[in-house]
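# Examining the three-dimensional arrangement
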Amino acid sequence: MSELSINTTQNVTINFTAASIGHRILAFGIDLLIIIAYLTSIYLLLAYTGFFVIVGGLDGWSQIAVQSLIFLPVMFYSLIFETFFEGQSLGKKLVRIKVVKIEGYQASFGDYLIRWLFRMIDIFISSGIIGFVSIIMNKKAQRLGDMAAGTSVITLRNNVNISSTILEEIHDDYIPTYPLVIKLSDNDVRIIKENFIRAKASRDVDLMTKLTAKIETVTGIKNQSGNHVDFINTVIKDYNFYTQSM
């Protein structure tokens, strides 16, 4: 599996593992089985209730309208699930892969819509050949829809521990210092923490300085300690304090 480098809003680079073509095909296969199960269930239900007899007595346009209504969930399956499950269809969720923006933030409805529109070319018209070739040939493992939307699909199968999440252990008597940390999002804090850990391990003072400056710019907070390590560590703990209290 190839590495996917994403430039974050903190002007640093984080490496993710691009989802393999095998995992993407497996996720698509699971989604296809779910769709088949839906259609089979609907068919059996309508046959049991005698609905087909009623539809048979309708005019041609009415029959088309009924059939279109039944197939709407199938047509918009990937678009609906990726939108409401933040880049994951049911198949992607089971395989643990996810659609993300190349810039490192959450993809929007417009991005999912573009990917969905290109499925006609990537998957259906070409029987998946165009999408398959695009993913293999592209260094960011993107199909045409990903290229157009500025997205890629990453794997979530990396071993995860508390150091790679936004979670931070705080005591019950903890007193926060910077209330304005609530201006940050979970994704912002995750990126800050990942790069904070990296900067401490490599003693990268320049990265620490950039992280501090970015936090101050986004939140309006001023570093009261004068020490980058203490400041960033306090910001992460304060964010956990306030968000866990909500």
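Report on the accompanying structure. All of these numbers come straight from a predicted model, not from anything done at the bench.

## Thoughts on the environment of Arg-96
In this structure, Arg-96 sits in the loop between α5 (90–95) and β3 (97–101). Taking the relative accessible area as the measure of exposure, Arg-96 reaches 40% and is therefore partly exposed. As for Arg-96 and Leu-156, which are separated by 60 residues in sequence, their C-alpha atoms are 5.3 Å apart.

## Here we look at the nonpolar core
Across soluble globular proteins, nonpolar side chains show a tendency to be buried alongside one another. Within the largest apolar cluster, 17 residues are counted, with the highest numbers of intra-cluster contacts made by Phe-231, Ile-232 and Val-235. Elements represented by at least two residues in this core include exactly α9 (186–202), α10 (205–219) and α11 (228–244). Counting residues per element, this core draws most heavily on α11, at 5 residues. The contacts of Phe-231, once residues within four sequence positions are left out, are Tyr-178, Thr-212, Ile-215, Glu-216, Ile-221, Lys-222, Asn-223 and Ser-225. Membership of the second largest hydrophobic core comes to 11 residues, among which are Ala-19, Ala-27, Leu-79 and Trp-116.

## Re the packing of aromatic side chains
With the rule as written, the count across this model stands at 6 aromatic pairs. With a centroid separation of 5.0 Å and an interplanar angle of 20°, the aromatic rings of Phe-76 and Trp-116 are classed as stacked. With a gap of 40 residues between them, Phe-76 in the loop between α3 (60–75) and α4 (77–84) and Trp-116 in helix α6 (residues 109–125) connect regions that are remote in the sequence. With centroids separated by 4.8 Å and ring planes inclined at 50°, the aromatic side chains of Tyr-77 and Phe-81 adopt a geometry described as tilted. Of the two residues, Tyr-77 and Phe-81 both sit in helix α4, 4 residues apart, roughly one turn of that helix. Of the aromatic side chains, those joined through ring pairs into one cluster are Tyr-77, Phe-81 and Phe-85.

Rules of the game
- Residues numbered from 1 in each chain as written.
- Predicted model: local features only at pLDDT ≥ 70, side-chain atom pairs only at ≥ 80, totals over all residues.
- Heavy atoms only, no water.
- Helix = DSSP H or I, 4+ residues; strand = E, 2+ residues; numbered from the N terminus.
- Buried < 20%, exposed > 50% of the residue type's maximum accessible area, 1.4 Å probe, protein only.
- Core = buried A, V, L, I, M, F, W, Y, C linked by side-chain atoms within 4.5 Å.
- Contact = heavy atoms within 4.5 Å.
- Phe/Tyr/Trp six-rings, centres within 6.5 Å; stacked < 30°, edge-to-face > 60°.

Everything listed is a geometric property; what it means functionally is a separate question.
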